[in-house]
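# Coordinates in review
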2 protein chains.
Amino acid sequence: MKDKISVALIQNSYEESVEKNIDKNISKIKEAQKMGADFVSLSELHNSLYFCQREDTEFFKLAEEIPGKSTEIYGRLSKELNITLLVSLFEKRARGIFHNTALILDRGEIAGLYRKMHIPDDPGFYEKFYFTPGDIGFEPIETSLGTIGVLICWDQWFPEAARIMCLKGAELLVYPTAIGWAPSDPTEEKSRQLEAWINIQRSHAIANGVFVLSVNRTGNEKINNDEGIDFWGNSFICGPQGEIVKKANSEETITFAEIDKERIDKVRQIWPFFRDRRIDEYEDILNRFF
Amino acid sequence: MKDKISVALIQNSYEESVEKNIDKNISKIKEAQKMGADFVSLSELHNSLYFCQREDTEFFKLAEEIPGKSTEIYGRLSKELNITLLVSLFEKRARGIFHNTALILDRGEIAGLYRKMHIPDDPGFYEKFYFTPGDIGFEPIETSLGTIGVLICWDQWFPEAARIMCLKGAELLVYPTAIGWAPSDPTEEKSRQLEAWINIQRSHAIANGVFVLSVNRTGNEKINNDEGIDFWGNSFICGPQGEIVKKANSEETITFAEIDKERIDKVRQIWPFFRDRRIDEYEDILNRFF
């Protein structure tokens, strides 16, 4: 397994037509592969608009089984392009059980999947209506490029999730995401939210000495008649000291970088946080509150 | 208990004379109180040079009991000035048992103490030689100003420590610190280290919806004949979205701000991370590695 790998994050805007979104994703994935990417990640729920802006049983028709149509389309593509590809699907697991699921397709094979563990619910992000919380825990996925810890959007606010993934060997954490502002939010609030979002993800790189890849969608989407959400883009790649390697703004773009996993060894030698964790004194973290 | 409190961080440089350091601290604490501070924090081990640059049994003579001389001096001062004061001492607990301990003196009374839990050891920071790891866990301290989670320097790299303090009710996390660069480190490495140090502490504010106060020393100190350490200052106060409220550079200074604890309520309502923690799935965090 090689230490140097090239990674690419697809930051798209999306529209109502699932077919057009899939075509757009395919075309961008091909472009990323031409740039030299070994690993390509799409953003959260990239086949559709972000339907969780409203609670509506109509949207359950967007869900699909895994494996199913999308697994087949993207799986074939990952084989054709000889890449490792992260896709994010609205999974129908059973009648009435749906998940927000990410899947790694490794050169045509399903390497593994992750079902979103932390489910948000706030105005415009009514995910608790749609998604059953994941029940397979924080298990990184072995791929031909190394061990990848997949976490999804809201998971990014929880240091426990990143930590467990890394204790289990993740070398890269990848966060497919759909996050944005209410357009009417004050400028200072927007800036605090964006900064906090970048900061918390960089902190997982720092605390664990790993690479973090975060990939968001962009553009305004209206599902109700109101102002909708301005997805803020800003996909980024950071190294094991939290240093930004490459970052997008809010445009449609592919964020590309070559990363060297050997840097994980070097950083963990100068910052040996795993050596000093007080595992004898962390049990209280299993409580809701005191 | 009032929600609005004024806090001040004393960022000093230090010299060999303990007496002169204490005099300097007293004078700066008085200055902070004149500015209107209710809570004043000194930095880590503020009575001496940072002796952990070298392993030398000679330095154990700097240790003292708690309560002892420093407790008395600073305790009297906190009473006289009617303030809540954080001091950081090299504690002699018993023959051959020493701790890196922080103490909150609340208007003349010992409100509580914290013994550093995570002990670093890397070139120039040979703390494992001097300090027995703390055994009283992550217990916040009740004061007349509210509940304060005291953590010390190296603790700042461990999200578990911040999390447990906040689950136990901490409204403010305070990190007395002694951190700096080797003067010969490349500029880019210095910048990565400083940014990471700020980033990881802001992340604890974000993840837990609390205020974070970090107070560092400044200036070059040589204990060996080599280049010594450039302590980088940069003490700061940030709010529960991780937003910087006030930050120093590397000069000797008092970082002062009024903070409103009601903001904790507001931020936790829009970012209800405590609501969504997957405490049913965090047990793996108690492992060293997998």
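Please refer to the structure higher up on the page.
The notes below deal with the structure included here. It should be emphasised that the depicted structure is a prediction, and the values quoted were computed from it without experimental measurement.

Definitions and limits used
Residues numbered from 1 in each chain as written. Chains lettered and ligands numbered in written order. Predicted model: local features only at pLDDT ≥ 70, side-chain atom pairs only at ≥ 80, totals over all residues. Heavy atoms only, no water. Core = buried A, V, L, I, M, F, W, Y, C linked by side-chain atoms within 4.5 Å. Buried < 20%, exposed > 50% of the residue type's maximum accessible area, 1.4 Å probe, protein only. Contact = heavy atoms within 4.5 Å. Least-squares fit on C-alpha atoms with pLDDT ≥ 70 in both. Axes fitted to C-alpha atoms, helices over the stretch in contact; angles between N-to-C directions. Helix = DSSP H or I, 4+ residues; strand = E, 2+ residues; numbered from the N terminus. Parallel < 35°, antiparallel > 145°, perpendicular 65-115°, else oblique. Left-handed = near helix turned anticlockwise from the far one by under 90°. Pairing = 2+ DSSP bridges. Right-handed = clockwise from strand over helix to strand, strands pointing away. Disulfide = S-S within 2.5 Å. Phe/Tyr/Trp six-rings, centres within 6.5 Å; stacked < 30°, edge-to-face > 60°. Nonpolar A, V, L, I, M, F, W, Y, C, P; charged D, E, K, R; others polar. Buried area = accessible area lost by both parts, 1.4 Å probe. Salt bridge = Lys/Arg side-chain N within 4 Å of Asp/Glu carboxyl O.

Counting residues in each nonpolar core, the largest one holds 118 residues, and the members touching the most others are A:Trp157, A:Leu173, B:Trp157 and B:Leu173. Residues in contact with A:Trp157, not counting those within four places in the same chain, are A:Ile179, A:Ala196, A:Trp197, A:Ile200, B:Arg163, B:Ile206, B:Ala207, B:Trp271 and B:Phe273.

Looking now at the relation of the copies chain B and chain A. Expressed as a screw operation, the relation of chain B to chain A combines 0.0 Å of axial shift with a rotation of 180 degrees, fitting to an RMSD of 0.0 Å. What the rotation and shift describe, once combined, is the action of a two-fold rotation axis.

Bringing the packing of helix H4 (residues 159–167) of chain B against helix H5 (residues 187–208) of chain B into the picture now. All names here are of chain B. Remark: H4 packs on H5, axes separated minimally by 10 Å, with the N-to-C direction vectors making an angle of 40 degrees. Judged on the interaxial angle alone, H5 and H4 are oblique. Classified by chirality, the crossing of H5 by H4 is right-handed. Touching Pro159, Ala162, Arg163 and Cys166 of H4 are His204, Ala207 and Asn208, all from H5.

Turning next to the sheet that holds strand S1 (residues 4–11) of chain B. Residues and elements named next belong to chain B. An order of S5-S4-S3-S2-S1-S15 is seen for the six strands of this open sheet, with the pairing classed as mixed. The strands lining the two open edges of the sheet, one partner per strand, are strand S5 (109–115) and strand S15 (253–260). Sheet twist, expressed as the mean angle between neighbouring strand axes with direction ignored, is 30 degrees. Pairing of strand S4 (residues 97–106) with S5 involves six bridges; the strand directions are antiparallel. Opposite Ile104, over in S5, you have Gly112 as the bridge partner. Against the sheet, helix H1 (residues 18–35) touches S1, strand S2 (39–41), strand S3 (84–94) and S15, its axis set at about 35 degrees to S15. With respect to the sheet, helix H2 (residues 69–81) is in contact with S3, S4 and S5, its orientation differing from that of S4 by roughly 15 degrees.

For the rest of this paragraph, the subject is the pairing of strand S8 (residues 172–177) of chain A. Residues and elements named next belong to chain A. Across the six residues that make up S8, a large majority, six, are buried. In S8, alternate side chains face the same way, and those of Leu172, Val174 and Pro176 on one face and Leu173, Tyr175 and Thr177 on the other are all buried. The sheet contact formed by strand S7 (residues 146–150) and S8 spans three bridges and is parallel. When the sheet's bridge partners are listed, Gly149 is paired in S8 with Leu173. The handedness of the S7 to S8 crossover, carried by helix H4 (residues 159–167), is right-handed. In this structure, S8 lies alongside strand S10 (residues 211–216), joined through six bridges in parallel fashion.

Now for the state of the cysteines. Residues and elements named next belong to chain A. Using the criterion set out here, one finds zero disulfides over all chains in the structure. Looking at Cys238, it has no disulfide partner, and the nearest cysteine sulfur is the one in Cys166, 11 Å off. Residue Cys238 is classed as buried on the basis of its relative accessible area, which comes to 0%.

Another point: unusual backbone geometry. Residue and element names in this part refer to chain A. For the bond running from Ile66 to Pro67, omega is 0 degrees, close enough to zero to count as cis. Mapped onto the elements of the fold, Pro67 is located in the loop between strand S2 (39–41) and helix H2 (69–81). Even without glycine at this site, Arg107 takes up a positive phi of about 50 degrees. Mapped onto the elements, Arg107 comes out in the loop between strand S4 (97–106) and strand S5 (109–115). Exposure remark for Arg107: the relative accessible area of 26% places this residue in the partly exposed category.

Relative to the helices and strands, B:Lys168 is located in the loop between H4 and strand S8 (172–177). B:Lys168 gets classed as buried once you look at its relative accessible area, which sits at 16%. If sequence neighbours within four positions are ignored, B:Lys168 has contacts with A:Asp284, A:Phe290, B:Phe138, B:Glu139 and B:Pro140.

What follows concerns the sheet that holds strand S3 (residues 84–94) of chain A. Residue and element names in this part refer to chain A. Spatial ordering of the open sheet is given by S5-S4-S3-S2-S1-S15, a layout of six strands whose pairing is mixed. Here the strands that pair on one side only, and so sit at the sheet edges, are S5 and strand S15 (253–260). Neighbouring strand axes in the sheet, compared pairwise and without regard to direction, differ in orientation by 30 degrees on average. As defined by bridge partners, S2 adjoins S3 across three bridges and the pair is classed as parallel.

This next bit is on the packing of aromatic side chains. Residues and elements named next belong to chain A. Inspection of the entire model under this criterion finds 52 aromatic pairs over all chains. With a centroid separation of 5.2 Å and 50 degrees between ring planes, the pair formed by Trp181 and Trp232 is classed as tilted. With Trp181 in strand S9 (residues 180–181) and Trp232 in strand S12 (residues 229–232), this pair connects stretches of sequence that are 51 residues apart. Comparing Trp181 with Trp232, the two get one shared label, buried. Geometrically, the ring pair formed by Trp197 and Trp232 is edge-to-face, given 5.7 Å between the ring centres and 70 degrees between the ring planes. With Trp197 in helix H5 (residues 187–208) and Trp232 in strand S12, the pair connects residues that are 35 residues apart, well separated along the chain. Among the aromatic side chains, those forming a connected cluster through ring pairs are Phe51, Phe59, Phe60, Phe90, Phe98, Phe129, Tyr130 and Phe131.

Before going further, it helps to examine the packing of H4(A) against H4(B). Packing of H4(A) against H4(B) brings their axes to within 10 Å, and their N-to-C directions diverge by 145 degrees. Here H4(A) runs over H4(B); the crossing is left-handed. Between H4(A), through A:Pro159, A:Glu160 and A:Arg163, and H4(B), the contact on the second element is made entirely by B:Pro159, B:Glu160 and B:Arg163. For the contact of H4(A) with H4(B), the class distribution of residues is two nonpolar, no polar and four charged.

Before going further, it helps to spend a moment on the interface of chain B and chain A. How big an interface is tends to be reported as the loss of accessible area on association of its parts. On the side of chain A, 56 residues touch chain B, which itself brings 56 residues to the contact. Both sides together, the interface formed by chain B and chain A hides about 5600 Å², and carbon and sulfur atoms give 60% of it. Contact with chain A buries surface across chain B, with B:Ile285, B:Leu286 and B:Arg288 losing the most and accounting together for 12% of the total. Inspection of the chain B/chain A interface yields 10 salt bridges.

A few words on the pairing of S1(B). Residue and element names in this part refer to chain B. Counting buried residues in S1 gives seven out of eight residues, a clear majority hidden from the surface. Inspection of the sheet shows S1 paired to S15 by eight bridges, in the antiparallel sense. Across the sheet, residue Gln11 finds its bridge partner in S15, namely Thr253. Where S1 meets S2, three bridges bridge the pair, whose relative direction is parallel. In the strand pairing of S2, Val7 is matched with Phe39.

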